[in-house]
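One letter stands for each residue in the lines below.
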Amino acid sequence: MDRMSQTIADAFVSARRQWEVLPEYPGERPASLAAAYAIQDCALSVWNREIGGWKVGRIAEPVSTALGADRLAGPVFADMIRDAGGEPGGALVEFPIFERGFAAVEAEFMLRLSPREGALPITREEAMGWVDEVRIGIEIASSPYPGINTDGPCVTVSDHGNNAGLLLGRQVPAELWPRLDEIDVSLAIDGRQAGRATTATMLDGPFGAMCFLLANLRQRGIPAQPGWWVSSGAITGVHQIAAGQQVVAHFAGVGEARATIAPAR
C-alpha cells in the first residue's frame, strides 16, 4: 500500500470513528477506480469492525465509460444495519449522519447473500440463486467529506462508498423477485414526495447489482460471506437529508420503511 493511500484511509477512518468532519479531501484525489478501491481496502484493514454487507451505487455516463464501470461498491458495517421488523409500516428507526459533511437517503431493495460454489452469476436469473432473502429498505449515505458526491465516483469509493447505514424493512415474497421492476417505489421526506420510480430505470436491476458486487469482491480478493446484505442501488434517486427530518420509503404492495435522521452523538 502506498503512503498516500494509507494517509487518506487513516484520515477517513479517524473522522468516521469520531463523527468528525473533513472540510477538505485528505490528500490527492484518486483518478482511477483501482486507486480508489486501494484506499477503501486500506481503510478496511485499519478498522477492527465487522462487515455486515455492501452498498452498490450507479456511475452515470459519461464518467462510467471513462472509468470502465457503471457501478461502484462500498462496505456496510454490521453495527450500522438496523432491522425495522416485518410489519407493513415498519418501525421508525434512528440513524446518525455527519451534519456538516454529506448526507442523503435512498430507497433500495436489500438482498441477502447466499454464496454458491462454482462460477459467479452473470445474469439476473443466475443471481437469484445467490440470494436467500430480499427486503425493502433505505440506505443512509453520509460522509465526513462534504464534496464526496460532487468530486465524482472515485472519491465516493475512497470513503467507504459513502455509506453510513442500512435500514431493513419488510421481506419481499420470493414470487415477486422476478417482477421487482413492476413495484412502484416512492420516497418522502417530512411528508413531501422527493422521488418516485421503479427498478426498471436501474441498469439491469437489483440482481444485476449483485452480479457486479460479486465480481468486484472477487477481483479484490474478498471472499463473499453468507448473510451479507447488499444494498442494490438507489431507485428514486439520491436525496439529501438533514438532522431532524423523517424519511418514508413506500414500496407498492409490499410495505414501507421509515427512518428519522439524527445528529451524531
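You'll find the structure just up there.
Just so it is clear, the model here is predicted, and its values are computed rather than measured. (Residues numbered from 1 in each chain as written. Predicted model: local features only at pLDDT ≥ 70, side-chain atom pairs only at ≥ 80, totals over all residues. Heavy atoms only, no water.)

Student: Tell me about the environment of Arg 135, and name the residues and values.
Tutor: Structurally, the position occupied by Arg 135 is in strand 6 (residues 131-143). In this structure, Arg 135 is in contact with Asp 83, Glu 108, Phe 109, Met 110, Leu 168, Gly 169, Arg 170, Gln 171, Val 172 and Trp 229, ignoring residues within four places of it in sequence. Here Gly 169 takes part through its backbone oxygen, which lies 2.9 Å from a polar atom of the side chain of Arg 135. (Helix = DSSP H or I, 4+ residues; strand = E, 2+ residues; numbered from the N terminus. Contact = heavy atoms within 4.5 Å. Polar contact = N/O pair within 3.5 Å; in protein donor to acceptor, adjacent residues only side chain to side chain.)

Student: I'd like to hear about helix 6 (residues 205-219), residue by residue, with values.
Tutor: Residues spaced three or four apart along an α-helix point in a common direction, a consequence of the helix completing one turn every 3.6 residues. Relative to the 21 Å expected for 15 residues at 1.5 Å per residue, helix 6 spans 21 Å between its end C-alpha atoms, a close match to the ideal helical length. Of all the 15 residues making up helix 6, 12 are buried; the element is thus mostly covered by neighbouring parts of the structure. Looking at helix 6, one finds that the buried residues are Gly 205, Pro 206, Phe 207, Gly 208, Ala 209, Met 210, Cys 211, Phe 212, Leu 213, Leu 214, Asn 216 and Leu 217. Positioned one or two residues after helix 6, Gly 221 has a phi angle of 75°, which is positive. (Expected span 1.5 Å × (residues − 1). Buried < 20%, exposed > 50% of the residue type's maximum accessible area, 1.4 Å probe, protein only.)

Student: Tell me what's going on with the pattern of salt bridges, and back it up with residues and numbers.
Tutor: By the definition in use, this model includes 13 salt bridges. With a closest N to O distance of 2.7 Å, Arg 16 and Asp 159 form a salt bridge. With Arg 16 in helix 1 (residues 3-18) and Asp 159 in the loop between helix 5 (153-158) and strand 7 (165-171), this residue pair connects regions lying 143 residues apart in the sequence. For the pair formed by Arg 16 and Asp 159, the shared burial category is buried. Taken together, the shared-partner salt bridges in this structure form one network comprising Asp 83, Arg 112, Asp 132, Glu 133 and Arg 135. (Salt bridge = Lys/Arg side-chain N within 4 Å of Asp/Glu carboxyl O.)

Everything listed here is a matter of geometry and, on its own, says nothing about what the molecule does.
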